[in-house]
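The primary structure of each chain is shown beneath.
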Amino acid sequence: MPGMLLLGRRWRIASDDLVFPAAFELFIRAVWWIVTLVLYSNHKGRFDCQGGTYLHNYLLVLLVLLAVIILTLCGIVYISAQGTIMNPGPRRSVPALVYLRALLFVPEIIWACLGAVWVSDSSTGCKPAEVGAVIAAVVSSWIIVLCMALGVLVVLDPLGSRRPDAPLGVRDLESSESSQLFYTAHTMASRVWESRLRLLCCCLPQDNNHRAAFSSIAQLVSGFFLDTDLVPSDIAAGLALLHQEQDKVERCRDPDEVLSHSPSSPIREDLEVELERAAHFMQFAAAAYGWPLYVYSNPLTGLCRLSGDCCRSRQAEYDLVGGDALGCHFTSILQSTGLQYRDFIHISFHNQIYEIPFYVALDHEREAVLVAVRGTLSLKDVLTDLSAECENLSVEGVSGTCYAHKGISQAAHYLYKRLVNDGILSQAFNIAPEYKLVICGHSLGAGAASLLAVLLRSTHPTLQCYAFSPPGGLMSKALADYSKQFVVSVVLGKDLVPRLSIPNMEDLKRRLLKMVSNCSKPKYKILMHGCWYELFGGTPDDFPTELENRREEMLNQPLLGEDSLLVQRSNTYQSLSSDDSPSRPTHLPLYLPGRILHVTEDGPARRHCFAPVRYRAEWSSETSFRNVLISPRMIADHMPDVVLRALCSLTREHTSALCPSSMSNSHLNVI
């Protein structure tokens with residue numbers, strides 16, 4: 001529902017969000033009141049120290065004040081739990097109770113100050129238990145006040161007080177006026193988000209690339225929920241409901257027809273051979289992350305293995321390894337890949353926005369010149385990821401519109417210049433002219449590797465690219481079809497990143513609105529059941545799934561608040577599911593690269609922690625990744641060590657240092 005209006009501004013908290021914080025404070029206040037009552041009852045009439053009379057009055061007033069606060073909190077908890085997300089009527093008195101609770105901080109602060117004065121001036125001769133109780137009361141009061149102040153800062157909406165200067169209550173606006181209002185709101189939100197990004201990235205150089213990235217990301221983030229009036233807890237409740245709805249659909253769905261060969265290949269490929277290649281090259285893609293992933297994957301022995309070589313003086317290697325003063329990155333790559341020092345042609349740990357680390361090595365086992373590109377590991381990489389605008393990408397021999405993710409396209413061009421213009425590839429092929437070119441990477445590195453392969457395809461027609469967990473919003477349909485000849489994308493389970501694209505996120509927003517609009521349960525019950533379901537599983541909640549447009553339109557309002565000019569639906573803000581809504585700027589569709597190899601867990605959705613994991617692999621199509629799947633595994637399935645273990649399990653290839661020996665107990669189930 002819309003955020004509460006307090007003190008003339010909108011806040012990022014709704015009237016049904018106070019159940020849990022008020023209940024928590026209620027518990028603390030109740031314990032505090034009981035302890036104070038016991039102390040007062042045991043010492044009543046026996047406060048015979050120097051400040052005994054003052055102490056008696058202090059405890060008595062404190063009991064009364066705590067009782068009033070407890071009653072107020074009981075009212076807040078009870079009323080905030082009434083109604084549903086879209087039915088705030090039963091909670092109309094919550095703002096008044098919030099004002100009352102805020103006013104009660106005034107006497108509490110005064111009484112805490114008086115208690116501190118008594119402890120310092122008049123507590124001589126009093127029992128330690130009495131003095132300790134007053135000190136505890138004073139400290140507790142100030143802790144609660146400081147926590148409340150911090151909470152106010154968290155739920156403060158910087159745009160909550162910024163409303164256009166126009167009369168309120170207008171039901172219908174001219175199209176130009178409504179568009180102008182939307183533009184003003186978007187501009188304000190973009191400035192706020194750009195300021196946040198500058199503050200978050202204050203340690204980074206403020207050059208033109210960074211300023212352009214900040215502006216682009218701010219435009220993207222600020223516009224996503226601008227046409228809705230949801231608070232963060234509404235989104236959390238919607239995600240919980242959507243996860244259970246998706247699980248219900250998955251349980252009722254018949255098994256999909258499994259493809260035994262690539263749908264785009266003219267011949268039937270041996271899936272096991274392709275999986276073995278993927279597992280082999282994934283160890284190089286994972287090794288590109290350097291020592292952080294190596295130590296994370298080997299928590300007991302990683303530091304010991306690296307410590308002997310990290311600080312060793314290798315004067316000759318410093319020309320090869322840039323940005324790695326102690327050599328830990330290079331040592332971890334040697335340990336992870338099993339290659340020798342002489343097998344490396346070039347290693348770069350240089351990292352800036354649109355400029356990502358990579359290395360070039362000779363893989364004698366596969367007779368390949370290998371280019372491995374690192375994925376996201378720094379704040380600069382995150383900025384590259386979030387620069388999600390489309391950029392034209394001219395590719396020789398590709399018919400159709402060619403465009404790609406701007407940030408990753410810039411990174412691919414950087415890699416192309418380093419490899420071609422600096423002669424790195426020429427140097428590698430001078431050493432091994434009969435080898436073929438293979439490019440691999442994970443996450444951001446997978447996206448950059450795929451676009452790099454597209455750029456190099458004309459000069460290296462036999463090249464192959466293995467993209468592990470690539471971002472979903474990467475390249476246009478024409479480029480995606482073209483890349484199927486030489487790119488294989490590997491996606492594990494319900495990984496979020498291959499399903500991330502702006503159209504997919506818009507679809508997720510629509511589905512969240514549907515879930516929130518339809519559910520007839522209070523938000524606190526949704527969140528409690530959602531947390532239980534995520535942690536312990538069980539039966540998905542039963543709730544309606546048919547959309548009531550009337551309710552959804554109530555959410556489809558601008559961020560300016562429920563009493564803004566667009567409190568009623570205007571011509572510009574139609575229902576998200578409405579077919580006759582006016583056209584607004586839409587984002588170009590982007591797709592995963594190449595052929596898609598989908599690896600999933602075989603067996604029940606939930607298993608015991610120590611149960612063996614079985615995997616299955618199948619060729620899939622880009623249509624299977626057009627929806628974001630909500631799952632506890634959506635982040636874990638993206639981690640490079642998890643992807644590598646899954647591929648090692650399928651192929652029984654355990655040569656990598658990142659593949660634990662325990663994986664030998666896993667089963668192979670290739671379909």
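This one's a predicted model, so the numbers in the text were calculated from it and none came from an experiment.

Novice: Run through the UniProt feature "transmembrane region" (unreviewed entry) in the protein chain, naming residues and quoting values.
Specialist: This chain's UniProt record puts "transmembrane region" (unreviewed entry) on residues 20–40, 60–79, 99–119 and 131–156. Between the C-alpha atoms that bound residues 20–40 there is a distance of 30 Å. The span itself is 100% helix and 0% strand. Along residues 60–79, the helical share is 100% and the strand share 0%, with 29 Å between the first and last C-alpha atoms.

Novice: Please set out the side chain of Asp17 residue by residue, giving values where relevant.
Specialist: Mapping Asp17 onto the fold places it in the loop between β2 (9–10) and α1 (19–43). At 2.8 Å, the side chain of Asp17 and the backbone nitrogen of Ala14 are in polar contact. Polar side-chain contacts of Asp17 include one of 2.8 Å to the side chain of Lys523. If sequence neighbours within four positions are ignored, Asp17 has contacts with Ser80, Val231, Ser233 and Lys523.

Novice: Any chance you could break down the pattern of salt bridges for me, citing the residues and the numbers?
Specialist: Scanning all chains against the criterion turns up 23 salt bridges. The residue Lys248 makes a salt bridge to Glu245 at a minimum N-O spacing of 3.9 Å. Residue Lys248 and its partner Glu245 are located together in helix α8 (residues 232–252), separated by 3 residues, close to a single helical turn. Measuring nitrogen to oxygen at the nearest pair gives 3.7 Å for the salt bridge that ties Asp481 to Lys484. The partly exposed category is assigned to Asp481, whose relative accessible area is 34%. Lys484 sits in the partly exposed class, given a relative accessible area of 23%.

Novice: Any chance you could break down empty space enclosed by the protein for me, citing the residues and the numbers?
Specialist: What the rule picks out here adds up to 2 cavities of 30 Å³ or more. Its volume calculated, the second largest cavity comes out at about 50 Å³. What lines the second largest cavity is simply Arg29, Trp32, Tyr58, Leu62, Leu65, Leu66, Ile69, Glu108, Trp111, Ala112 and Ser141. Contributing elements (two or more residues each) for the lining of the second largest cavity: α1, α2 (52–80) and α4 (105–121). It is α2 that provides the largest number of residues to the lining of the second largest cavity, a total of 5 residues. Of the residues contributing to the lining of the second largest cavity, the split by class is 8 nonpolar, 1 polar and 2 charged.

Novice: So what about the packing of α2 against helix α5 (residues 128–155)? Which residues, and what values?
Specialist: Where α2 contacts α5, the axes come no closer than 12 Å and their chain directions differ by 40°. Here α5 runs oblique to α2, going by the angle between their axes. Crossing handedness for the pair α2 and α5: left-handed. Listed contacts from α5 to Leu55, Tyr58 and Leu62 of α2 are Glu130, Val134, Ala137 and Val138. Its residues assigned to classes, the contact of α2 with α5 comprises 6 nonpolar, no polar and 1 charged.

Novice: Quick one: what's the story with the environment of Gln283, residue by residue and with numbers?
Specialist: Residue placement: Gln283 occurs in helix α9 (residues 271–287). For the pair formed by Gln283 and Cys648, sequence separation is 365 residues and the distance between their alpha carbons is 9.5 Å. Polar contacts involving the side chain of Gln283 include one to the main-chain carbonyl oxygen of His280, which spans 3.2 Å.

Novice: Any details on helix α14 (residues 406–421)? Residues and values, ideally.
Specialist: The end-to-end C-alpha distance of α14 is 21 Å, a good match for the 22 Å that 16 residues give at a rise of 1.5 Å each. Taken as a whole, α14 has its buried residues at Lys406, Gly407, Ile408, Ser409, Ala411, Ala412, Tyr414, Leu415, Arg418 and Leu419. At the exit of α14 stands Gly423, carrying a positive phi of roughly 75°.

Novice: Describe a nonpolar patch on the surface, and please don't skip the residues or the numbers.
Specialist: Together, Phe24, Phe27, Ile28, Val31 and Val35 line one region of the surface with nonpolar side chains, adding up to about 500 Å² of accessible area. Along the polypeptide, Phe24 turns up in helix α1. Given the relative accessible area of 57%, Phe24 is considered exposed.

Novice: Let's hear about the pairing of strand β5 (residues 358–363): which residues, and what values?
Specialist: Taken across its 6 residues, β5 has 6 buried, putting it largely inside the fold. Residues Phe358, Val360 and Leu362 line one face of β5 and the alternating positions Tyr359, Ala361 and Asp363 line the opposite face, and both faces are buried. In this structure, β5 lies alongside strand β6 (residues 368–373), joined through 6 bridges in antiparallel fashion. Paired with Tyr359 across the two strands is Ala372, which belongs to β6. In sequence, β5 turns back onto β6 through a hairpin of 4 residues, with Glu367 there showing a positive phi of about 50°.

Novice: Give me the lowdown on the nonpolar core, citing residues and values where you can.
Specialist: One finds Val360, Val369, Val371, Leu437 and Ile439 to be the most contacted residues of the largest nonpolar core, which totals 47 residues. Listed by contribution, the elements that provide at least two residues to this core are β5, β6, α14, α15 (424–431), β9 (436–442), α16 (444–456) and α17 (477–483). Of all the elements, α16 adds the most residues to this core, at 9 residues. When neighbours within four sequence positions are excluded, Val371 is seen to be in contact with Tyr359, Val360, Leu419, Leu425, Leu437, Val438, Ile439, Cys440 and Leu452. In terms of nonpolar packing, the next biggest core, distinct from the first, is built from 45 residues, Ala278, Tyr289, Ala368 and Trp619 among them.

Novice: How would you explain the packing of aromatic side chains if you had to name every residue and give the values?
Specialist: Across all of its chains, the model carries 8 aromatic pairs by this definition. Ring centres 5.3 Å apart and planes at 70° place the aromatic pair Phe330 and Phe344 in the edge-to-face group. Taken together, the positions of Phe330 in helix α12 (residues 328–337) and Phe344 in strand β4 (residues 344–348) put the pair 14 residues apart, joining distant regions of the chain. Residue Phe330 is classed as buried on the basis of its relative accessible area, which comes to 1%. Taken together, a centroid distance of 4.5 Å and an interplanar angle of 45° make the contact between Trp532 and Phe536 tilted. With Trp532 and Phe536 both in helix α19 (residues 523–536) and 4 residues apart, this pair spans about one turn of that helix. Assessed through its relative accessible area of 53%, Trp532 is described here as exposed. With relative accessibility at 55%, the residue Phe536 sits in the exposed group. In textbook terms, an aromatic cluster arises when at least three aromatic residues are bridged by ring pairs, as seen for Phe330, Tyr341, Phe344 and Tyr359. In this structure, Arg9 is placed above the aromatic ring of Trp11, and the distance from its NZ or CZ to the ring centre is 5.9 Å.

Rules of the game
Residues numbered from 1 in each chain as written. Predicted model: local features only at pLDDT ≥ 70, side-chain atom pairs only at ≥ 80, totals over all residues. Heavy atoms only, no water. UniProt positions renumbered as here; feature names shortened; annotations may be inferred. Helix = DSSP H or I, 4+ residues; strand = E, 2+ residues; numbered from the N terminus. Polar contact = N/O pair within 3.5 Å; in protein donor to acceptor, adjacent residues only side chain to side chain. Contact = heavy atoms within 4.5 Å. Salt bridge = Lys/Arg side-chain N within 4 Å of Asp/Glu carboxyl O. Buried < 20%, exposed > 50% of the residue type's maximum accessible area, 1.4 Å probe, protein only. 1 Å grid on protein atoms, 1.4 Å probe; cavity = no way out; pocket = protein on both sides within 12 Å on 5 of 7 lines; lining within 4 Å. Points joined across faces, edges and corners; volume = space filled by probe spheres on them. Nonpolar A, V, L, I, M, F, W, Y, C, P; charged D, E, K, R; others polar. Axes fitted to C-alpha atoms, helices over the stretch in contact; angles between N-to-C directions. Parallel < 35°, antiparallel > 145°, perpendicular 65-115°, else oblique. Left-handed = near helix turned anticlockwise from the far one by under 90°. Expected span 1.5 Å × (residues − 1). Patch = residues over 30% accessible without salt bridge, like charges linked within 9 Å, V, L, I, M, F, W, Y side chains within 5 Å. Areas by Shrake-Rupley, 256 points an atom, 1.4 Å probe, with all protein chains shown as cover. Pairing = 2+ DSSP bridges. Core = buried A, V, L, I, M, F, W, Y, C linked by side-chain atoms within 4.5 Å. Phe/Tyr/Trp six-rings, centres within 6.5 Å; stacked < 30°, edge-to-face > 60°. Lys NZ or Arg CZ within 6 Å of the ring centre and 35° of its normal.

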